[in-house]
Amino acid sequence: MDAMEKTDAEKLIRLARHVSEVLASPADLDHALEATVNLLRNVLEAEACSIMLLDAPAGVLRMAASSDIEREKWPTISTRLDEGFAGKVARSGRPLLVREIGDDSHLDAERRRRYTCPSFMCVPMKSKGQVIGVINVTNRIGSEPFSREQLDMVTSLANLIALAIENARLLATAEAMGRRLRDVLEGIGDGVIAVDTNGVILLHNELALHYLGVESGRCLGRRIEEVVPETVLPVFRTLYERTLAERSHIHEEVEWTPLDQTGATPLTLSTAPLYREARGNLSGVVFVIHDMTLHHKLDELKRIDEAKNSFLAIVSHELRTPLTAIKGASHLLRTKLAQRLDPDNLELLKIVEQNAERLMQQIVNLLDVVNIENRTASLTLRRLPLSQIARRSVARLRDTAAAKNLSIVEDYSAGDAELLLDEEKIARALDHLVGNAVKFTPRGGQVTVCTGSSRQEAYVAVRDTGAGIDPALRDQIFRKFVQGESHLTRQSGGCGIGLYVARAFAELHGGRIETTNLEGGGCEFRLVLPIMHLHENAKQPDAFIVDIPKAVSTS
Amino acid sequence: MVKKRILLADDEEDIKTVVAMFLEAQGYEVITAFDGLDALEKVRTEKPDLILLDIMMPVLDGFEVCKRLKENEDTARIPIVILSAAAHVESVNRGLKAGAKDYIVKPFEPEKLVEKIEQFIGK
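Reading the values: rules and limits
- Residues numbered from 1 in each chain as written.
- Chains lettered and ligands numbered in written order.
- Predicted model: local features only at pLDDT ≥ 70, side-chain atom pairs only at ≥ 80, totals over all residues.
- Heavy atoms only, no water.
- Helix = DSSP H or I, 4+ residues; strand = E, 2+ residues; numbered from the N terminus.
- Buried < 20%, exposed > 50% of the residue type's maximum accessible area, 1.4 Å probe, protein only.
- Polar contact = N/O pair within 3.5 Å; in protein donor to acceptor, adjacent residues only side chain to side chain.
- Contact = heavy atoms within 4.5 Å.
- Pairing = 2+ DSSP bridges.
- Axes fitted to C-alpha atoms, helices over the stretch in contact; angles between N-to-C directions.
- Core = buried A, V, L, I, M, F, W, Y, C linked by side-chain atoms within 4.5 Å.
- Phe/Tyr/Trp six-rings, centres within 6.5 Å; stacked < 30°, edge-to-face > 60°.
- Lys NZ or Arg CZ within 6 Å of the ring centre and 35° of its normal.
- 1 Å grid on protein atoms, 1.4 Å probe; cavity = no way out; pocket = protein on both sides within 12 Å on 5 of 7 lines; lining within 4 Å.
- Points joined across faces, edges and corners; volume = space filled by probe spheres on them.
- Salt bridge = Lys/Arg side-chain N within 4 Å of Asp/Glu carboxyl O.
- Patch = residues over 30% accessible without salt bridge, like charges linked within 9 Å, V, L, I, M, F, W, Y side chains within 5 Å.
- Areas by Shrake-Rupley, 256 points an atom, 1.4 Å probe, with all protein chains shown as cover.
- Parallel < 35°, antiparallel > 145°, perpendicular 65-115°, else oblique.
- Left-handed = near helix turned anticlockwise from the far one by under 90°.
- Nonpolar A, V, L, I, M, F, W, Y, C, P; charged D, E, K, R; others polar.
- Buried area = accessible area lost by both parts, 1.4 Å probe.
- Right-handed = clockwise from strand over helix to strand, strands pointing away.

Draft legend 1. Quick look at the side chain of aspartate 368 of chain A. All names here are of chain A. Relative to the helices and strands, aspartate 368 is located in helix 10 (residues 343-373). Since its relative accessible area comes to 4%, aspartate 368 is described here as buried. For aspartate 368, the side chain forms a polar contact with the side chain of arginine 428, separated by 2.6 Å. In this structure aspartate 368 touches Arg428, Val501 and Phe505, once residues within four positions along its chain are discounted.

The structure is reproduced here in structure tokens:
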């Protein structure tokens, strides 16, 4: 008996040592558990040994390692918690020793035949009081069933194994989180460096090293002053100390030259305190380095654009005053001298007036652009038939068309509508459309202007017999200062703002401009406007409510 | 018949000459002022029937002139038409708010100007 106890105690110690050795560095938990079940089987002189782990959400125990079943089959084997000895042990958390295996009615006849000595033990594995799985030891080799001492031995070992499993799981979780953190750190577009309260670098990403001008290499564990260049170290130090003292986020704009770059890069340095526990002691500071180059370029572009707009406004204003004098003077001259001038001189005077008018139109166009860009364009609405504006627009361009031997055909029979609109702006939009048609149609061609309407919309269509629109340029032609042909080789005048202005004015009315290339050449520009429904407000006769249909169908 | 008297306040000599000649040809009597302060003085001494007012003038701008004339009981009733190269919506609104009857953006068709003048004071 004494010898036996000594042997068991020795075996327990040997087993415990082996098990802890196997589980000490569980790089691969599966193999560690497999080695453990084999050890247990050998020491206990059993036929088979297995470890099953609890899958609580599924309510089953799953095979994690077995000494007698092939590895490939482990994942397919599971036992429900409400059946068999294993389930009972997992539920109760108490070890179980069966001397006669016939007690387990759930074992089928085939499996019963495989074992020689019908004895069985099942022991729970507990971590922090919670069952995380069971160890099954089946059938003693030889005639004796398992002893009470052996059960106690396995029970003690089971908790050791449970602890190792939990550690392995925590390690795996920590590693996964570490990997995720690394991916996030490397994925964001900023440089990040975290430093502990001793100034030692806890983590960083590659971009941070790039901004600091440090070659990639081991920076973890080094002190921040060994890594950060001397030129910017004072900023880092100040921010570091302020962040720890104030326990708050700090923003600072700095400029320095990162490695392999020529000019200084504008950067912002932000910090945030790192806490050891929620709102507790500080454990360090995280620095975020953000490249401001793009922000600065964007600011610069905005400034240039604003300067351009105010330049346009000033220029057009400065041009207006002398133009007023020229127009007024030539007008007076003509009325005063009409009878006395010979045709040649009258023609010269007409040229002065016409060109003053052209200049004026260009200035109006520029001002339109300024007002659109500054969002200072507003609408003065009146109720007018669309065809009336179209007629006037055609009348204004008839001379220009005639000079090119173009005919302008008008057809308002397909439908017209009285719309609430800003006459001046719609007229200007139409002038651009008709003017473009005249401009881009070769001599002898034809321009057609017609109207149409549905219940919700009305339109003016301007068709020409020109070359049509290059589909590649279809979107570009609506951008300001862009024309369908190159600036140097173009045949027509203008500075490419007509369609931009026309579309902006259409959109101010809740409308749009549609473009279509016509079969057989030429194209159509269609100014489509919503028919706004006007109600007079009974309480305030002066107030109008303007409904602009939100969804405008294309019919 | 007594001619209607129009005060034309503008610091641009050429514009003053052209507009004055044109209005005189239409049968109006035109007196001119060269800046905002001069305009206020001429209103007091000449008692015009209508004022054509530029905005950007030295010493006192058109908005201020307009405001002061509207604050004074003696001059509040004289119709003011602003003639300005400032085509900005904001300045148009500011002019009308200051009490101007109309705001005409330069350059303008001379006939249009006469139309407006007739509308306010007749021929």
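Draft legend 2. Region of interest: the sheet that holds strand 4 (residues 96-98) of chain A. All names here are of chain A. With respect to topology, six strands assemble into an open sheet ordered 3-2-1-6-5-4, the strand pairing being antiparallel. Of all the strands in the sheet, the pair left with one neighbour each is strand 3 (78-80) and strand 4. Strand-to-strand twist of the sheet, defined as the mean angle between neighbouring strand axes without regard to direction, takes the value 25 degrees. Alignment of strand 2 (residues 60-66) against strand 3, held across three bridges, turns out to be antiparallel.

Draft legend 3. Spotlight on the environment of leucine 386 of chain A. With respect to the helices and strands, the residue leucine 386 of chain A is situated in helix 11 (residues 386-403). Not counting the four nearest positions on each side in its chain, leucine 386 of chain A is found in contact with Asp416, Ala417, Leu419, Leu421, Ile426, Ala458, Tyr459, Val460 and Leu529 of chain A.

Draft legend 4. Just the nonpolar core, in detail. All names here are of chain A. Leu33, Ile51, Met125, Ile135 and Ile161 are the most contacted members of the largest nonpolar core, which has 49 residues in total. The greatest single-element share of this core, amounting to ten residues, is contributed by helix 5 (residues 148-187). Apart from the residues within four sequence positions on either side, leucine 33 is in contact with Leu23, Ile51, Ala64, Ala65, Ile161 and Ile165. Within the second largest apolar cluster, 48 residues are counted, among which are Leu384, Ala401, Tyr412 and Ala417.

Draft legend 5. Spatial organisation of the packing of aromatic side chains. Residues and elements named next belong to chain A. Evaluated as defined, the whole model comprises two aromatic pairs over all chains. A centroid spacing of 4.8 Å and a plane angle of 45 degrees characterise the contact between phenylalanine 236 and phenylalanine 287, whose relative ring orientation is tilted. In this pair, phenylalanine 236 sits in helix 8 (residues 233-246) while phenylalanine 287 sits in strand 11 (residues 282-291), placing the two residues 51 residues apart along the sequence. Here lysine 425 stacks its cationic end above the ring of phenylalanine 505, 5.8 Å away from the centre of that ring. Just above the ring of tyrosine 459 sits the side chain of arginine 526; from NZ or CZ to the centre is 3.8 Å.

Draft legend 6. Here's a closer look at unusual backbone geometry. All names here are of chain A. One non-glycine residue, glutamate 45, lies in positive phi territory at about 50 degrees. Inspection of the secondary structure assignment puts glutamate 45 in the loop between helix 2 (29-44) and strand 1 (46-55). One non-glycine residue, lysine 128, adopts positive backbone phi at about 50 degrees. Along the chain, lysine 128 turns up in the loop between strand 5 (120-127) and strand 6 (130-140).

Draft legend 7. Quick look at the sheet that holds strand 15 (residues 446-453) of chain A. All names here are of chain A. Strand order in the open sheet made by the five strands is 13-15-16-18-17, with mixed pairing throughout. The two strands at the open ends of the sheet, each matched to only one other strand, are strand 13 (407-411) and strand 17 (512-517). Ignoring strand direction, the axes of neighbouring strands in this sheet form an average angle of 15 degrees. Across six bridges, strand 17 lies against strand 18 (residues 523-530) in antiparallel orientation. Bridged to glutamate 514 within strand 18 is arginine 526. Running at roughly 130 degrees to strand 17, helix 13 (residues 498-508) makes contact with strand 17 and strand 18 of the sheet.

Draft legend 8. Empty space enclosed by the protein, seen in detail. Going through the model one piece at a time under the given rule, you end up with one cavity of 30 Å³ or more. Of the volumes computed, that of the largest cavity is approximately 80 Å³. Thr324 and Gly328 of chain A together with Val18, Val19, Phe22, Phe108, Pro110 and Leu113 of chain B together form the lining of the largest cavity. When residues of the lining of the largest cavity are traced back to their parent elements, those giving at least two are helix 9 (293-337) of chain A together with helix 1 (13-25) and helix 5 (110-121) of chain B. For the lining of the largest cavity, the element with the most residues is helix 1 of chain B, which contributes three residues.

Draft legend 9. Main features of the pattern of salt bridges. In the structure shown here, the tally under the stated rule is 36 salt bridges over all chains. For arginine 503 of chain A, the salt bridge identified is with glutamate 507 of chain A, shortest N-O distance 3.9 Å. You can see arginine 503 of chain A and its partner glutamate 507 of chain A sitting in helix 13, four residues apart, about one turn around the helix. Taking relative accessible area as the criterion, glutamate 507 of chain A reaches 46% and is therefore assigned partly exposed. Salt-bridge contacts for glutamate 41 of chain B lead to arginine 44 of chain B; the nearest nitrogen and oxygen are separated by 3.0 Å. With a gap of three residues between them, glutamate 41 of chain B and arginine 44 of chain B both fall in helix 2 (residues 36-46), about one helical turn apart.

Draft legend 10. Region of the structure containing a nonpolar patch on the surface. On the surface, a nonpolar cluster with roughly 300 Å² of combined accessible area is contributed by Leu298, Leu301 and Ile304 of chain A. As for its position among the elements, leucine 298 of chain A is in helix 9.

Draft legend 11. Quick peek at the packing of helix 2 of chain B against helix 3 (residues 62-71) of chain B. Residue and element names in this part refer to chain B. Between helix 2 and helix 3, the shortest axis-to-axis distance is 9 Å and the interhelical angle comes to 25 degrees. Taken together, the axes of helix 2 and helix 3 lie roughly parallel to each other. When the axes of helix 2 and helix 3 are compared, the crossing they make is right-handed. Contacts between helix 2 and helix 3 involve Gly36, Ala39, Leu40 and Val43 from the former and Val65, Arg68 and Leu69 from the latter. Class assignment of the residues belonging to the contact of helix 2 with helix 3 gives a composition of five nonpolar, one polar and one charged.

Draft legend 12. Broad picture of the interface of chain A and chain B. With 18 residues of chain A at the interface, the matching set in chain B holds 20 residues. Here chain A and chain B share an interface that buries about 1600 Å² over both sides, 72% of which is from carbon and sulfur atoms. Of all residues in chain A, Thr324, His331 and Leu332 of chain A give up the largest surface area on contact with chain B, accounting jointly for 30% of the area buried on that side. Along the contact surface separating chain A from chain B lie zero salt bridges. Where chain A touches chain B, the interface holds two residue pairs in polar contact (both at pLDDT 80 or more). Elements with a contribution of two residues or more to the side of chain A that touches chain B: helix 9 and helix 10 of chain A. For the side of chain A that touches chain B, the element with the most residues is helix 9 of chain A, which contributes twelve residues. Looking at the side of chain A that touches chain B, its residues break down into six nonpolar, eight polar and four charged.

Draft legend 13. Seen up close, the pairing of strand 3 (residues 50-53) of chain B. Residue and element names in this part refer to chain B. Residues Leu50 and Leu52 line one face of strand 3 and the alternating positions Ile51 and Leu53 line the opposite face, and both faces are buried. As paired elements, strand 3 and strand 4 (residues 80-84) share three bridges and run parallel to each other. What sits directly across from leucine 52, in strand 4, is valine 81. With helix 3 bridging strand 3 and the parallel strand 4, this β-α-β connection has right-handed handedness.

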